[in-house]
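Residues per chain are reported as follows:
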Amino acid sequence: MPIGKRALAEFFGTFWLVFGGCGAAVLAAGVPNVGVGYAGVALAFGLTVLTMVYAVGHISGGHFNPAVSVGLVVGKRFPASELLHYVIAQVAGAIAAAGVLYIIASGMTNFDVHAGFACNGYGANSPQGYSLLACFIAEVVLTAFFLIVIMGATDNRAPKGFAPLAIGLCLTLIHLVGIPVTNTSVNPARSTGPAIFAGGWALQQLWMFWVAPLIGGALGGGIYKTLFGE
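Here is a short report on the structure shown in this document. Values in this document were obtained by computation on a predicted structure and should not be read as measured data.

Criteria and cut-off values
- Residues numbered from 1 in each chain as written.
- Predicted model: local features only at pLDDT ≥ 70, side-chain atom pairs only at ≥ 80, totals over all residues.
- Heavy atoms only, no water.
- Helix = DSSP H or I, 4+ residues; strand = E, 2+ residues; numbered from the N terminus.
- Buried < 20%, exposed > 50% of the residue type's maximum accessible area, 1.4 Å probe, protein only.
- 1 Å grid on protein atoms, 1.4 Å probe; cavity = no way out; pocket = protein on both sides within 12 Å on 5 of 7 lines; lining within 4 Å.
- Points joined across faces, edges and corners; volume = space filled by probe spheres on them.
- Nonpolar A, V, L, I, M, F, W, Y, C, P; charged D, E, K, R; others polar.

To continue, consider the environment of Gly 21. Along the chain, Gly 21 falls in helix α1 (residues 3-28). Exposure remark for Gly 21: the relative accessible area of 0% places this residue in the buried category. The sequence separation of Gly 21 and Gly 40 amounts to 19 residues, and the corresponding C-alpha distance is 9.3 Å.

Have a look at this one:
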């Protein structure tokens, strides 16, 4: 499959992840009486990955996340020479999705993009006020286990056809744990899209949501390859 077509699949997959997951957080989570809340947002993120892995995973591998791509490079499942192509496509998809979401959300008269816009944060900008250290550790650990699940579910020895379910459910679980702490990133592209439109503190704290998930992704990929690889 040409790299251009695979990168395009990553663009659309990441677009859907950000639009669906962050869209649930921005448009549906806080609606009085019928809001989906933390659990609904967690499920939305899991469903975006599950559906797009089934839709385009056979084209690009279904990364939709720079930390996943880095982890798969470390785990020897993905060539380093193609990493930049994937990361650019993923970030572009996330920004495009955040732009569409911004246009939709702006249609409500009292919408305030600076109130969060599903951005990730630590300290005063953590949903429950968790410290930088706590948020950093959470993002590293959650991303590492995400990679372990991804590599295990896609291992040649694993049952065939069930990987998207395992990966989608894992991301749902990750969000159930992480939303109160950081609003859950585990994905630098997902963090970048909303932060660009929110600006201010979201951009100032964005560094952490690149560094921690990339470290976690590399750790997870390395752990699986070293301990459980064929």
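This part covers the layout of surface pockets. Taken as a whole, the largest pocket spans an internal volume of roughly 640 Å³. Considering the residues around the largest pocket, the lining is formed by 29 residues, among which Ala 25, Val 26, Ala 115, Phe 117 and Ala 118 are closest to the centre. For the lining of the largest pocket, the secondary structure elements donating two or more residues are α1, α2 (37-60), α4 (83-105) and α6 (163-182). When its residues are assigned to classes, the lining of the largest pocket shows 20 nonpolar, seven polar and two charged. Approximately 540 Å³ is the volume found for the second largest pocket. Considering the residues around the second largest pocket, the lining is formed by 38 residues, among which Val 53, Gly 61, Gly 62, Thr 154 and Ile 167 are closest to the centre. Of all the elements in the fold, those that place two or more residues in the lining of the second largest pocket are α1, α2, α3 (66-74), α5 (132-153) and α6. Among the elements that line the lining of the second largest pocket, the one with the most residues is α2, at seven residues. Looking at the lining of the second largest pocket residue by residue, the class counts come to 21 nonpolar, twelve polar and five charged.

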